[in-house]
Amino acid sequence: MKEQLEEIRRRSLAELADDASEAAIEAVRIRTLGRAGELTEIMRGMRDVPQAERPMLGQLVNQIKREIEARIEELKSRNQQLALDRSLSEAALDVTLPGAKVPRGRIHPVTQILERMLAILVAMGFEVENTQDIEDDFHNFGALNFPPNHPAREMQDTFFVPGAMLLRTHTSNGQIRVMERRRPPLAVVCPGKCYRRDDLSVRASPMFTQIEGFMVDRRGRITMAHLKGLLAEFARAFFGPDTKVRFRASFFPFTEPSAELDIHCLLCAGAGCPVCKQSGWTEVLGCGMIHPNVLRAVKLDPDEYGGFAFGMGVERTGLMALGIDDMRLFFENDLRFLAQFSAISGGTR
Ligand code: PHE
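Throughout, residues of each chain are indexed from 1 in the direction in which the sequence is written. With pLDDT at 70 or above as the cut-off, local features in this predicted model cover only qualifying residues; side-chain atom pairs require 80 or more to be listed or tallied, and sums for whole chains, interfaces and linings still use all residues. By convention in this description, side-chain values take in all heavy atoms of the structure and omit both hydrogens and water.

Caption draft 1: Seen up close, the site of the ligand. One heavy atom within 4 Å of a molecule or strand makes the whole residue count as near it. Looking at the ligand, there are 14 residues lining it, with His-170, Ser-172, Arg-196, Gln-210 and Gly-311 nearest. One of the side-chain nitrogen or oxygen atoms of Arg-196 is found 2.9 Å away from an oxygen atom of the ligand. Pairs of N or O atoms within 3.5 Å make up the polar contacts considered here, provided that, within protein, one atom can donate a hydrogen while the other can accept it, and that residues adjacent in sequence are counted only when both atoms are side-chain atoms. Within the contact set of the ligand, an oxygen atom lies 2.9 Å away from a side-chain nitrogen or oxygen of Gln-210. The distinction between a cavity and a pocket rests on a 1 Å grid over the protein atoms alone: a 1.4 Å probe fits inside a cavity but cannot get out, while a pocket stays open yet meets protein on both sides within 12 Å along at least five of seven lines, and a residue with an atom within 4 Å of a point counts as lining. Molecule-in-pocket calls rest on the fraction of atoms, with more than half required to lie within 2 Å of the cavity or pocket grid points. A molecule is said to occupy a pocket when more than half its atoms come within 2 Å of that pocket's grid points, and by this definition the ligand occupies the largest pocket. Note on conventions: DSSP H or I runs of at least 4 residues are helices, E runs of at least 2 residues are strands, and numbering of each starts at the N terminus. For the shell around the ligand, the elements supplying multiple residues, two or more each, are strand S6 (207–218), strand S9 (281–290) and strand S10 (305–313). Among the elements that make up the shell around the ligand, the one with the highest residue count is S10 (three residues). Side-chain classes are defined by residue name, with Ala, Val, Leu, Ile, Met, Phe, Trp, Tyr, Cys and Pro counting as nonpolar, Asp, Glu, Lys and Arg as charged, and the others, Gly among them, as polar. Tallied by class, residues from the shell around the ligand come to five nonpolar, seven polar and two charged.

So this is what it looks like as C-alpha cells:
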C-alpha cells in the first residue's frame, strides 16, 4: 500500500511539471483527488487495512494530497501570471498608429450662401425675421394682391395641405406677417424655404430657399432709386465688385412698378449655358415698389406709407457664386459634393 502511494505521488508530481498544460493539470487533479480518484479510493478502502497501519497510511495519504494540491495551486497561479504578462505585452499600444478619424459635419452650402447673403443685408441695416412655411391663402396670395383665379393658386403650382392651408410658394408671406405685427419704419429680411410643384432639375427644385426683403416708411421717403442702388450694391458685395447687373421691367401682383435683377452669368461669362438658359444673364431676384393693395391688406394707408420689396432665390444664386452648374447637387446629399464647401469665405469665389 505504501509503495502504491509513493508511486501515485511520484507519478503525479512528475506530471505536474513546470510546463504542464491546463488540461494536464486538471487530469491529474481528477485522477488523484477527484471523487473517484486514486487517493479518494484508498481512503475509502482504509477499513480493510490492518488497524496498526491505518494512522501511518492515513497521514501519508493526507500528506500526498496536500503536496499535490499545493503543486496544482502553484502551477495555476504561475499560469495566470504568464497569461497576464503575455496579454500585457501583446496588447501594448502602438503610439505610431494613426488615430481613428472622427468625421466632422459641415454647414450645407445652401446655408452657407444664405448666411453670407444675410450678413450683407444685416450690414445694410436690415433685421432678420423668420416666418412660417405652412400658410393660409390670405397670407400667401390674397393679401399680396393675387386675383382669385390667378394661375399660381392652381393645384399644379401649389402644394396644398389639409385644413385649407398650403406650403408657401414664396417668402412674400413674410411681408404680410411682419407688417401685421409691426408698424413702419421697417427694414426687414425674411429668409426661408418655399415650395412649388416643380420637378427637380438643373435649375429648379420643388423646395428652395428665398430671402424676402422690404423697407417701408412714410410715403415718398423710399423710392425705386433706393431699391436699385441697394440691390446693385448687394450684387457687388455678394458676387464681386465687377459684377454686371441689369434691371428688367417685370410683373408681380404685389409690386408696382416691378422689376427683375439679372446678373451677368458667372458660369459661362455671358456665352450661354443651361443655367442661364443660353441667355448670358441669370435672374437673381424680383423686386418693386409695394402695391397699394398690399399696404391696405395690413391696414396701412397707401397715401401715408410706401416702400419697396424684393425676393431672391438662394440656390440659383448659390450656383453662380460657387460655380456649380446643377441645382440637383444641393439636394442629393452626396458627401463628396458637400465636403467641398467646408470653408466658403466672404467675397467672390
Ligand atoms: N415673391 C416673388 C417670387 O417668388 C419675388 C418678389 C418678392 C418679387 C418681392 C417682388 C417683390 O418670385
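Caption draft 2: A look at the layout of surface pockets. Grid points are joined across faces, edges and corners, and a volume is the space filled by probe spheres set on the points. Considered as a void within the structure, the largest pocket measures approximately 1100 Å³ in volume. Around the largest pocket, the lining comprises 49 residues; the ones closest to its centre are Arg-196, Phe-208, Gln-210, Phe-252 and Glu-283. Going through the elements one at a time, S6, strand S7 (245–252), strand S8 (255–264), S9, S10 and helix H10 (314–322) are the ones with two or more residues in the lining of the largest pocket. Looking at which element gives the most residues to the lining of the largest pocket, the answer is S9, with eight residues. Among the residues forming the lining of the largest pocket, the class breakdown is 18 nonpolar, 17 polar and 14 charged.

Caption draft 3: Structural detail: the nonpolar core. Nonpolar cores are built from buried Ala, Val, Leu, Ile, Met, Phe, Trp, Tyr and Cys residues. Side-chain atoms within 4.5 Å join them into one set. For the exposure calls, accessible area comes from a 1.4 Å probe over protein chains only, and a residue counts as buried if that area is under 20% of its type's maximum, exposed if over 50%, partly exposed in between. Of all hydrophobic cores here, the largest spans 45 residues; its most connected members are Ile-211 and Phe-310. Breaking this core down by element, the ones donating at least two residues are helix H5 (109–123), strand S5 (186–195), helix H8 (224–239), S8, S9, S10, H10 and helix H11 (335–338). Once you skip the residues sitting within four places of it in the chain, Ile-211 turns out to touch Leu-114, Met-117, Leu-118, Leu-121, Thr-171, Val-189, Cys-190, Pro-191, Phe-310, Gly-311, Met-312 and Val-314. In terms of nonpolar packing, the next biggest core, distinct from the first, is built from 21 residues, Met-179, Ile-290, Tyr-305 and Ala-309 among them. Here a residue-residue contact requires only that any non-hydrogen atoms of the pair lie within 4.5 Å.

Caption draft 4: Summary view of the pattern of salt bridges. Take a side-chain nitrogen of Lys or Arg and a carboxyl oxygen of Asp or Glu: if they are within 4 Å of each other, that pair is a salt bridge. According to the stated counting rule, one finds 25 salt bridges in the structure shown. Here Arg-336 makes a salt bridge to Asp-334, at a shortest N to O gap of 2.7 Å. By relative accessible area, which is 26% here, Asp-334 ends up partly exposed. Overlapping salt bridges bring together Arg-11, Glu-15, Arg-31 and Glu-38 as one network.

Caption draft 5: Spotlight on the sheet that holds S10. At least two bridges found by DSSP between two strands are what make those strands a pair. Strand order across the open sheet formed by seven strands is S1-S5-S6-S10-S9-S8-S7, with mixed pairing between neighbours. Here the strands that pair on one side only, and so sit at the sheet edges, are strand S1 (127–128) and S7. In the sheet, S6 pairs with S10 via nine bridges, with the strands oriented antiparallel. Its bridge partner being in S10, Asp-217 is matched across the sheet by Gly-306. Sheet contacts for H5: S1, S5, S6 and S10; angle to S6, the most-contacted strand, approximately 10°. Axis lines are fitted to C-alpha atoms, over the contacting stretch for helices. Their N-to-C directions set the angle, which ranges from 0 to 180 degrees.

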